[in-house]
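Each chain is listed here by its residues.
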Amino acid sequence: ETGVTQSPTHLIKTRGQQVTLRCSSQSGHNTVSWYQQALGQGPQFIFQYYREEENGRGNFPPRFSGLQFPNYSSELNVNALELDDSALYLCASSLQNWETQYFGPGTRLLVL
Amino acid sequence: SQKIEQNSEALNIQEGKTATLTCNYTNYSPAYLQWYRQDPGRGPVFLLLIRENEKEKRKERLKVTFDTTLKQSLFHITASQPADSATYLCALVDAGGTSYGKLTFGQGTILTVHP
């Protein structure tokens, strides 16, 4: 059984660009959640996908969007990047949408 | 307003002692509360989950208590070791008004265990 994986591990972008981050969920898990973690803070919920549908969303603007694929892997897309988008982006998968979430190693995004 | 707060930003203890971390919340009705460990530059690692109707959970040297009257969870590491040094995060899932398991996190406590 493989754990949650994320790619890339690090990314540098400039303001105004667009970025796509990827996540492969743990085997058998049908729910993926995305979180943003600023330095020195706890993770903040962006949104959750359950069986390819967005199942809930946190307080993030529409330029943060996502997808979940039939194999339950997921993408996070961020358009019109801003400096404050610099953070560690975490993906977590779970067996069902209410169960314990298991996190990947994260993607460190730096926006210059 | 809703808040989840971990009382100490940093906690320093000597090896062998018990570390006690605190998590307080306001204006939530947690279905359950979880504790995670996070090492620098890594994702959080799940440690323990405690449900609203449970008072205490144990796993090896770890113990979690949950007091819904005080709106507080305590996380204990007994016989602490330098390898326990990390950031510890509490997170809850609010039973009120959501149909999905959104985790709301505290800001974390940095634990350092000195040899």
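Up top is the structure these notes are about.
The model shown is predicted, which means the values in this text are computed figures rather than measured ones.

How each quantity is defined
- Residues numbered from 1 in each chain as written.
- Chains lettered and ligands numbered in written order.
- Predicted model: local features only at pLDDT ≥ 70, side-chain atom pairs only at ≥ 80, totals over all residues.
- Heavy atoms only, no water.
- Disulfide = S-S within 2.5 Å.
- Helix = DSSP H or I, 4+ residues; strand = E, 2+ residues; numbered from the N terminus.
- Pairing = 2+ DSSP bridges.
- Axes fitted to C-alpha atoms, helices over the stretch in contact; angles between N-to-C directions.
- Contact = heavy atoms within 4.5 Å.
- Buried area = accessible area lost by both parts, 1.4 Å probe.
- Salt bridge = Lys/Arg side-chain N within 4 Å of Asp/Glu carboxyl O.
- Polar contact = N/O pair within 3.5 Å; in protein donor to acceptor, adjacent residues only side chain to side chain.
- Nonpolar A, V, L, I, M, F, W, Y, C, P; charged D, E, K, R; others polar.
- Core = buried A, V, L, I, M, F, W, Y, C linked by side-chain atoms within 4.5 Å.
- Buried < 20%, exposed > 50% of the residue type's maximum accessible area, 1.4 Å probe, protein only.

Peer 1: Explain the state of the cysteines to me, please; I cannot follow it from the model alone.
Peer 2: Disulfide: a covalent bond formed between the sulfur atoms of two cysteine residues. Residues and elements named next belong to chain B. The full count for this structure, using the stated rule, is two disulfides over all chains. A disulfide bridge connects Cys 23 with Cys 90, and the sulfur atoms are separated by 2.0 Å. Sign of the S-S torsion, about 65° for the bond between Cys 23 and Cys 90, identifies this disulfide as right-handed. Taken together, the residues span a long stretch of sequence, with Cys 23 in strand β3 (residues 19-26) and Cys 90 in strand β9 (residues 86-94) at a distance of 67 residues.

Peer 1: What's the story with the sheet that holds strand β8 (residues 72-77) of chain B in this structure? I'm lost.
Peer 2: Strand pairs in the sheet, formed through backbone hydrogen bonds, run parallel or antiparallel to each other. Residues and elements named next belong to chain B. Read across the open sheet, the five strands follow the order β1-β3-β8-β7-β6; overall the sheet is antiparallel. Strands at the two margins of the open sheet, each flanked by one partner only, are β1 (3-6) and β6 (56-59). When the angles between neighbouring strand axes are averaged without regard to direction, this sheet yields 15°. Sheet topology places β6 next to strand β7 (residues 62-67); four bridges connect them, and they run antiparallel. Looking across to β7, one finds that Lys 59 is bridged to Leu 62.

Peer 1: I'm lost on the interface of chain B and chain A in this one. Help?
Peer 2: For an interface, size is often stated in terms of accessible area lost upon the parts coming together. Contact with chain B, which involves 24 residues of that partner, is made by 23 residues of chain A. With both chains or domains summed, chain B and chain A bury close to 1,700 Å², and 56% of this area falls on carbon and sulfur atoms. Our enumeration of links across chain B and chain A arrives at zero salt bridges. Along the contact surface separating chain B from chain A lie three residue pairs in polar contact (both at pLDDT 80 or more). Considering each element in turn, the side of chain B that touches chain A owes the most residues, five residues, to strand β4 (residues 30-38) of chain B. Looking at the side of chain B that touches chain A residue by residue, the class counts come to 12 nonpolar, nine polar and three charged.

Peer 1: So what exactly am I meant to see when it comes to the nonpolar core here?
Peer 2: Soluble globular proteins tend to pack their nonpolar side chains together in the buried interior. Within the largest apolar cluster, 24 residues are counted, with the highest numbers of intra-cluster contacts made by Leu 33, Trp 35, Phe 75, Tyr 88 and Leu 111 of chain B. Elements with a minimum of two residues in this core: β2 (10-14), β3, β4, β5 (45-51), β7, β8, β9 and β11 (109-114) of chain B. The residues contacting Tyr 88 of chain B, other than those within four sequence positions of it, are Gln 6, Leu 21, Tyr 36, Arg 37, Leu 47, Phe 75, Ile 77, Gly 108, Thr 109 and Leu 111 of chain B. One finds Leu 11, Val 19, Trp 34 and Ile 46 of chain A within the second-largest nonpolar core, a separate group that totals 20 residues.

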